[in-house]
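Descriptive structure summary
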Amino acid sequence: GIIPTHAMGETRAYISGGEGTPVGPDGRCAITRFDFANDHSSAAVVGCLSIGRQGGAGATSSTHGYVAGGRAIHTASSGGTYNCAIDKFQMSDSSNATTIGDLSFGQCDNAGAMSTTTGYAAGGRHPDINTIEKYPFSSDTNASDSGDLICEFAMQMGHSSRTHAYFSGGTPAARATTIQKFPFASEGNASDVGELSRDHVRHACANSAENGYAAGGTLGNQSTVCDNIDKFPFASDGPGTDIGNLSVTKCGQTGISSTTNGYSFSGGPGSTPQVDMFPFASDGNATNVGFACFQNKHGHGHQC
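Everything numeric in this text was worked out from a predicted model, so none of it was measured. (Residues numbered from 1 in each chain as written. Predicted model: local features only at pLDDT ≥ 70, side-chain atom pairs only at ≥ 80, totals over all residues. Heavy atoms only, no water.)

**Side note on the sheet that holds strand E17 (residues 164-168)**
Judged by pairing direction, the sheet is antiparallel, and its 4 strands sit side by side in the order E16-E17-E18-E19 without closing on themselves. Edge positions in the open sheet fall to strand E16 (157-160) and strand E19 (191-195), since each of these has one partner strand only. The average undirected angle you get between the axes of adjacent strands in this sheet is 30°. For E17 and strand E18 (residues 178-183), the ladder comprises 5 bridges, and the chain directions are antiparallel. Across the sheet, the residue bridging to alanine 165 is phenylalanine 182, located in E18. (Pairing = 2+ DSSP bridges. Helix = DSSP H or I, 4+ residues; strand = E, 2+ residues; numbered from the N terminus. Axes fitted to C-alpha atoms, helices over the stretch in contact; angles between N-to-C directions.)

Listed below in structure tokens is the structure:
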């Protein structure tokens with residue numbers, strides 16, 4: 001099949017940052033690798049972000065992973081600060097990230113998406129914003145405003161088709177089923193194009209060439225954790241459908257896409273850094289295929 005953007009990978013995934021174990025700046029800045037062909041046996045730490053952070057907007061070019069914003073973790077006990085930095089790392093072993101620019105606001109719980117040329121960071125909180133910002137992959141620079149979400153959103157997740165970014169779920173609670181769509185070519189504002197089958201907040205996102213997927217997370221109340229996998233089409237605006245379940249209820253997982261499968265990495269509650277996989281070719285439940293390096297929530301996913 002055709003890889004729609006860099007939102008689907010052929011060989012391996014990288015998970016950067018997150019909140020979890022081991023605690024402290026060293027664990028929370030880690031960049032770990034996961035080879036699709038070998039499942040969990042290949043999990044390894046290969047680099048580090050410029051600072052430990054969680055809940056930023058992840059994106060991927062053909063060669064690099066990016067993290068925009070997020071809550072910066074300075075020590076194991078501090079609450080951290082809301083970061084505006086855009087980090088970039090080469091998707092190869094033993095490659096640390098460098099800061100290459102800034103968002104307009106220090107923020108966390110924003111959503112990432114990507115075209116073949118540009119990374120996007122949408123929404124977020126502290127402050128609560130509806131802005132969609134963009135930054136080019138071709139040069140290292142600050143992000144600029146490219147449009148707005150339909151209202152202030154946080155804890156939503158981003159998906160990328162060949163032509164559009166999609167943002168699913170998130171808060172406010174009344175909007176936790178919303179699917180928003182944003183055009184790469186003309187930019188401008190996002191539009192409401194459908195509803196998920198149920199609330200998804202802090203969920204794992206994935207996408208095939210044809211569909212977006214929202215897996216697990218919490219309901220809008222942020223206290224009830226769910227396990228269902230929702231699928232919605234890119235070809236036509238419309239609702240999501242419940243196509244299966246994760247092997248366990250999880251929230252705050254990192255979502256990854258290969259060309260054939262969606263993945264849900266780690267998350268919580270619980271202490272097991274489980275990796276679930278669900279196929280794009282047929283609807284059905286996910287299966288546990290291994291374990292990530294760390295128990296981790298709110299990390300950032302990249303694939304190549």
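**Comments concerning the packing of aromatic side chains**
One pass over the structure, following the stated rule, counts 16 aromatic pairs. Note on tyrosine 213 and phenylalanine 278: the rings are 5.5 Å apart at their centroids and 50° apart in plane angle, and the pair reads as tilted. Here tyrosine 213 is found in strand E21 (residues 211-215), whereas its partner phenylalanine 278 is found in strand E26 (residues 274-279), with 65 residues between them in sequence. Per residue, the accessibility class of tyrosine 213 equals that of phenylalanine 278, and both read buried. Taken together, the aromatic side chains of Phe34, Phe36, Tyr263 and Phe265 make up a single cluster linked through ring pairs. (Phe/Tyr/Trp six-rings, centres within 6.5 Å; stacked < 30°, edge-to-face > 60°. Buried < 20%, exposed > 50% of the residue type's maximum accessible area, 1.4 Å probe, protein only.)

**Some points on the sheet that holds strand E22 (residues 228-233)**
The strand order across the open sheet built from 4 strands is E20-E21-E22-E23, with neighbouring strands paired in antiparallel fashion. Two strands lie at the open edges of the sheet, namely strand E20 (204-207) and strand E23 (241-245), each paired on one side alone. The sheet shows a mean angle of 25° between the axes of neighbouring strands, direction not considered.

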